[in-house]
Each structure stands twice: as structure tokens, then as C-alpha cells.
Amino acid sequence: MITENVKKALAEIAGGNPFGEKITLVAATKTRTPDEINEAIKAGVCDIGENKVQEFTQKFDAVHGANRHFIGHLQTNKVKYLIGKTYLIHSLDRTELADELQKRAEKANWTADCLIEVNIGSELSKSGFEPENAENAYEKLRAYPNLRIRGVMAMLPLSDDTALLNALCKKMRALFEKLREKDENIKYLSMGMSGDWRLCVENGSNMIRLGTSLFGPRRYPAAENA
Ligand SMILES: *Cc1c(COP(=O)(O)O)cnc(C)c1O
């Protein structure tokens, strides 16, 4: 089933987004076993993302052959466990986190590739910089010598108001393009989960994070974004 789902998803994104960009599929692997994750990798997944440091660490050596993303809320006291291990951190959502990442990365002589998380729906339950502050945040964060900002990430609100979701996506795409004009390191707009990724891709997302649609329903409740 996983193999089939992965192949279907990869085939569907193979043509890229309407802006002519390649779309990267990140498998969101929270609650999945190393066997399940390795099956997804064998089926063609090249990028996997955990949203909790404990799971990231526990499965690290048992999973083989994929870029390791960190996609969940990151507590500063857990940053040390990710140093040297991540391909991309999607959840750079506050200055204190950047401070800690900088400190630890510098000590390890490593550069952390990061996306700036934007709370595009300005939801109280979600982290991220407010959309109107995102550009300022970028200017500040790009100055950290051991962080390399590669783009922006957002999670859309749960809503069936397609007009609203399209408008929020377009706002993210505009921000992404604005930053990309200033900085050749900016490459990724990470936006889209199982329920909304097609809408996100239509609006110019080039990195999607899929869990349920690859692996099926999660077997035990994991606090979203915890
Ligand atoms: C779990 C998770 C996803 C994937 O969610 P699905 O709805 O299962 O596709 C994407 N992004 C983040 C940050 C997640 O924690």
C-alpha cells in the first residue's frame, strides 16, 4: 500500500508546479516505523521529515538513504540533538531558536539549512512569524553566519473556504518570490499536506509534506506540531 501510494504521489507531481519548478515530496513520518519509512524510500521517496526530536533521533540509524528534514515545532533545549543531522529545518519560527541554532552550529562548524515558518493564517494555535513580519524576520535571520535560509514554510488553516486558502497561498508565493529576488539561496516554498497539497501546488508550492496520503491514517494520536 505504501509503495503504491508513494508511486502515485510521485507520478502526480512529476510535471512540477505551474511555475515550472520541480516539486520535492517530503514524507511526514511521525508515528511510522522504520520499516514503513524504508518502504517509502524504496518506492522513491528521497526526503523524510519528523516533527519530534525524540522520533527523529530514535529512528535516525534505522532509516536509510533519504534527506532528513525536521518539520515540527523545535524547542531550544532540543536543538543540540539535531546539529549536523538535518538536511533542512522547516520550522525556524522565532529569534530565540535562531540564537540557539547559531550557537550550536557554530560550535560544530556546521551550517543549518532552514526555512522561515510563517503563520500564514495568523492562528493562535500555530507557530511562525506573522506574515507582515516575515520579511523583517528574514533580514534579521539571514545575518546569522551558521544559518542558511533556503525559503519559507507555512501550514494553511483547516478550512473549506477555497477562496481564502488560495489567497493565503498566493501571499506565501509572493513572499517567497520577493525573498528569492534578493537571495540565490532561496529555493523552497514548503506548503501542502495530505488535505490541501493540490491547492498549494497550483499556487506555486514546490515542497509538499505528506503523511496520511502515503502511509494511511496514523495509528495513535500524535499531538500535531508538538
Ligand atoms: C504531520 C505533518 C504533516 C503531514 O500531515 P498529513 O495531513 O498526515 O499529510 C505535514 N507537516 C507537518 C509539519 C506535520 O507535522
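Data block above holds the structure.
Reading the values: rules and limits
- Residues numbered from 1 in each chain as written.
- Predicted model: local features only at pLDDT ≥ 70, side-chain atom pairs only at ≥ 80, totals over all residues.
- Heavy atoms only, no water.
- Helix = DSSP H or I, 4+ residues; strand = E, 2+ residues; numbered from the N terminus.
- Rg over C-alpha atoms; globule rule 2.2 N^0.38 Å.
- Buried < 20%, exposed > 50% of the residue type's maximum accessible area, 1.4 Å probe, protein only.
- Contact = heavy atoms within 4.5 Å.
- Areas by Shrake-Rupley, 256 points an atom, 1.4 Å probe, with all protein chains shown as cover.
- Lys, Arg positive; Asp, Glu negative; His and termini not counted.
- Charge placed at Lys NZ, Arg CZ, Asp CG, Glu CD.
- Salt bridge = Lys/Arg side-chain N within 4 Å of Asp/Glu carboxyl O.
- Pairing = 2+ DSSP bridges.
- Right-handed = clockwise from strand over helix to strand, strands pointing away.
- Arc of directions from axis to C-beta.
- Polar contact = N/O pair within 3.5 Å; in protein donor to acceptor, adjacent residues only side chain to side chain.
- Near = heavy atom within 4 Å.

Asks: Tell me about the overall build of the protein chain, residues and numbers included.
Replies: Helix and strand counts for the protein chain come out as eight helices and eight strands. Expected size for 226 residues packed as a compact globule is a radius of gyration near 17 Å; at 16 Å, the protein chain falls within 12% of this value. Counting across all 226 residues of the protein chain, residues that qualify as buried make up 54%. If you take every contact in the protein chain between residues at least 6 apart in sequence, the share linking residues at least 24 apart comes to 61%. In the structure as shown, the protein chain presents an accessible area of about 10,700 Å², 51% of it carried by carbon and sulfur atoms. Both charge centroids of the protein chain, one from 32 positive and one from 31 negative side chains, sit 4 Å from each other.

Asks: Requested: an account of the environment of Asp-99, with residues and values cited.
Replies: Inspection of the secondary structure puts Asp-99 in helix 4 (residues 95–107). Note: C-alpha distance between Asp-99 and Leu-147 (48 residues apart in sequence) is 9.8 Å.

Asks: For the pattern of salt bridges, give the residues involved together with the corresponding values.
Replies: In this structure the tally under the stated criterion is 16 salt bridges. Among the ionic pairs, Glu-100 bridges to Arg-104, the shortest N-O distance being 2.9 Å. You can see Glu-100 and its partner Arg-104 sitting in helix 4, four residues apart, about one turn around the helix. What makes Arg-104 partly exposed here is its relative accessible area of 25%.

Asks: I'd like a rundown of the pairing of strand 3 (residues 67–70), residues and numbers included.
Replies: Pairing of strand 2 (residues 47–50) with strand 3 involves four bridges; the strand directions are parallel. Residue Ile-48 lies in a different strand from strand 3, and its bridge partner there is Arg-68. Between the parallel elements strand 2 and strand 3, the chain passes through helix 3 (residues 53–59) in a crossover that is right-handed. Strand direction decides the pairing type here: strand 3 and strand 4 (residues 88–92), joined by two bridges, are parallel. Considered in strand 4, the bridge of Phe-70 is made with Ile-89.

Asks: Explain helix 2 (residues 34–42) residue by residue, including any values.
Replies: Listing the buried residues of helix 2 in full gives Glu-36, Ile-37, Ala-40 and Ile-41. Projected down its long axis, helix 2 carries its buried residues within an arc of 140 degrees, all on one side. Set apart from the buried face of helix 2 by more than 90 degrees, the exposed residues are Asp-35 and Lys-42. Two residues or fewer after helix 2 comes Gly-44, characterised by a positive phi angle close to 125 degrees.

Asks: Just give me the short version of the pairing of strand 5 (residues 112–118), but keep the residues and values in it.
Replies: Along strand 5, seven of the seven residues are buried, which leaves the element largely enclosed by surrounding structure. Burial along strand 5 is two-sided: the face carrying Ala-112, Cys-114, Ile-116 and Val-118 and the face carrying Asp-113, Leu-115 and Glu-117 are both buried. Here strand 4 runs beside strand 5; their pairing, made up of two bridges, is parallel. Residue Ile-89 lies in a different strand from strand 5, and its bridge partner there is Cys-114. Each parallel crossover has a hand, and the one from strand 4 via helix 4 to strand 5 is right-handed. Where strand 5 and strand 6 (residues 147–154) come together, seven bridges link them in parallel fashion. In the sheet register, Val-118 faces strand 6, and the bridge partner there is Ala-154. The handedness of the strand 5 to strand 6 crossover, carried by helix 5 (residues 134–141), is right-handed.

Asks: So, the side chain of Lys-59: which residues are in play, and what are the values?
Replies: For Lys-59, the location among the structural elements is in helix 3. On the basis of relative accessibility, which here comes to 10%, the residue Lys-59 falls in the buried class. Polar contacts involving the side chain of Lys-59 include one to the side chain of Glu-55, which spans 2.7 Å. Among residues more than four places away in sequence, those in contact with Lys-59 are Thr-29, Lys-30, Thr-31, Arg-32, Pro-34, Ile-37 and Glu-50.

Asks: Talk me through the site of the ligand; I want residue IDs and the actual numbers.
Replies: Within the structure, the ligand sits among 12 residues, and Lys-30, Ser-194, Gly-211, Thr-212 and Arg-218 are positioned closest to it. One of the side-chain N or O atoms of Lys-30 is found 2.7 Å from an oxygen atom in the ligand. Its free accessible area being 380 Å², the ligand has 95% of it covered by the protein chains.

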